[in-house]
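Survey of secondary and tertiary structure
Chain by chain, the residues:
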Amino acid sequence: MGDAIEVEVGTRDVRISNPDRVYFPERGETKLDLVNYYLSVGDGIVNALRERPCMLHRFPKGVADKKVHQKRVPAGAPPWLETVRVEFPRYHRHAYELCVTELASVVWAVQMSTVEFHPWNSRRADTEKPDEWRIDLDPGPECDFATVRRVAHVSHEILEELGAVGWPKTSGGAGMHVYVRIAPDHGFADVRRAALAFAREVERRVPDDVTTTWWRKDRDPANLFVDYNQNTRDHTIAAAYSVRGVADARVSGPIRWDEVDDVEPADMTIATMPRRFAELGDLHAGIDDAVFSIEPLLEWADRDEAEGAELPPEEGG
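This text gives an overview of the structure that appears in the document. (Residues numbered from 1 in each chain as written. Predicted model: local features only at pLDDT ≥ 70, side-chain atom pairs only at ≥ 80, totals over all residues. Heavy atoms only, no water.)

1. Here's the deal with the pairing of strand β10 (residues 132-139)
Definition in use: Note on classification: 1.4 Å probe, protein chains only; a residue is buried when its accessible area is under 20% of the maximum for its type, exposed when over 50%, partly exposed between these limits. Only DSSP runs of H or I with at least four residues qualify as helices, and only runs of E with at least two residues qualify as strands; both kinds are numbered from the N terminus onward. Whether two strands pair depends on DSSP finding at least two bridges between them.
Of all eight residues making up β10, seven are buried, and the element is well covered by its neighbours. As paired elements, β10 and strand β14 (residues 224-226) share three bridges and run antiparallel to each other. Note that in β14 the partner of proline 139 across the bridge is leucine 224.

2. Description of the packing of aromatic side chains
What counts, and what does not: Only rings of Phe, Tyr and Trp enter the pairing, Trp through its six-membered ring, and a pair is recorded when the two centres are within 6.5 Å. The plane angle decides the type: under 30 degrees is stacked, over 60 is edge-to-face, the rest tilted.
Summed over all chains, the structure comprises 10 aromatic pairs. Ring plane angle 70° and centroid distance 6.2 Å describe the contact between tryptophan 214 and tryptophan 215, whose orientation is recorded as edge-to-face. Given the relative accessible area of 8%, tryptophan 214 is considered buried. Assessed through its relative accessible area of 40%, tryptophan 215 is described here as partly exposed. Members of the aromatic cluster, joined through ring pairs, are Trp214, Trp215, Phe225 and Tyr228.

3. Remarks on the pairing of strand β2 (residues 12-16)
With five bridges joining them, strand β1 (residues 5-9) and β2 adopt antiparallel strand pairing. Its bridge partner lying in β2, valine 7 is registered against valine 14. Connecting β1 to the antiparallel partner β2 that follows it, the hairpin turn spans two residues, and glycine 10 within it adopts a positive phi of roughly 60°.

4. Quick word on the pattern of salt bridges
A side chain of one charge can pair with a side chain of the opposite charge when the charged atoms of the two come close. Definition in use: Criterion for a salt bridge: a side-chain nitrogen of Lys or Arg within 4 Å of a carboxyl oxygen of Asp or Glu.
Tallying each qualifying case throughout the model produces 32 salt bridges. Across the pair arginine 205 and glutamate 157 runs a salt bridge whose closest N-O atoms are separated by 2.9 Å. One end of the pair, arginine 205, is in helix α5 (residues 188-205); the other, glutamate 157, is in helix α4 (residues 145-162), and 48 residues separate them in sequence. Here arginine 205 falls in the partly exposed class, since its relative accessible area comes to 31%. Overall, glutamate 157 belongs to the partly exposed group, its relative accessible area being 41%. Residue glutamate 201 is joined to arginine 205 by a salt bridge in which the shortest nitrogen-to-oxygen separation is 2.8 Å. Pair noted here: glutamate 201 and arginine 205 are both in helix α5, with a separation of four residues, about one helical turn. When salt bridges that share partners are traced, they join Arg52, Arg123, Asp131, Glu132, Arg134, Arg181 and Asp288 into one network.

5. A short note on the packing of helix α1 (residues 31-40) against helix α3 (residues 103-111)
As a reminder of what qualifies: Every axis corresponds to a line fitted to the C-alpha atoms, with the helix fit spanning only the stretch in contact, and the corresponding angles, defined between N-to-C directions, vary from 0 to 180 degrees. Roughly parallel means an angle under 35 degrees; roughly antiparallel means over 145; roughly perpendicular covers 65 to 115; every other angle is labelled oblique. A clockwise turn of the near helix away from the far one marks a right-handed crossing, whereas an anticlockwise turn of less than a right angle marks a left-handed crossing. Contacts are assigned to residue pairs with any non-hydrogen atoms lying within 4.5 Å of each other. Residue type decides the class: Asp, Glu, Lys and Arg count as charged, Ala, Val, Leu, Ile, Met, Phe, Trp, Tyr, Cys and Pro as nonpolar, and the leftover types, Gly among them, as polar.
Close contact between α1 and α3 brings their axes to 10 Å; oriented N to C, the two are set at 165°. It follows from the interaxial angle that α1 and α3 lie roughly antiparallel. For the pair α1 and α3, the sense of crossing is right-handed. Here Lys31, Leu34, Val35, Tyr38 and Leu39 of α1 lie close against α3, whose contacting residues are Leu103, Val106, Val107, Val110 and Gln111. Tallied by class, residues from the contact of α1 with α3 come to eight nonpolar, one polar and one charged.

Given below as structure tokens:
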């Protein structure tokens, strides 16, 4: 697999073992290719992860083999690596999760065979108060990408009516995500209620395309599910610029709204994103400057519940 090498990242030297191990079998990209990818989008991935508890999706033998979900930073991590303690009251446990504050932390995680980075939507200043609302446009198994595009535009329209700025990206799979920076004034339950109220409004506008039906077995497979549950505590999705654990090394790639009709998720990979990033920079760079209050959405939630709408359980689906 080749001798270990040292990679200079800012003021750190990070050791990379087995740099020639193939991680992505479709085109043959290696662990070192993955390191170089994250170095090429450094400002973007750090901006997406900064100060957030982060779950690591590790693939010790490459993405064709078994995946490991890792919350806890293992013993033996370098002393400069930053962590944040998060509680899991249901299990009477806690974990010290990776808390990225610099690019070297990302490269260290890749050395630990991390491919995907899944951050919380809250930061370590108060992990119980989300500052990011996540709109997950999740197509069913028979839902085409043209539907995803249509629903993305409807979501954008509603966000503009609310006075909220949405920051879209491909999911790295079959769907799209839109992130909105919010004031960290509410807990996870309120943010989820707000996200559900928004999802219901999307469903009202395009009822033939969208569902908010909770149980997967009850959904039309040709519909798109606006997955408000991604705003539940300890639920995470791949960050902007995160590579996905698939054979063609796709990336969850930020896009402009005027690219929605033309973007092809398969075109966003570790081979193509570095040039795109060099040309466009971080398309989510301004997200922290566009903070939205979810109060109007909570008013929608109150209205819906007064009219008989129920808040689904947080588990299952």
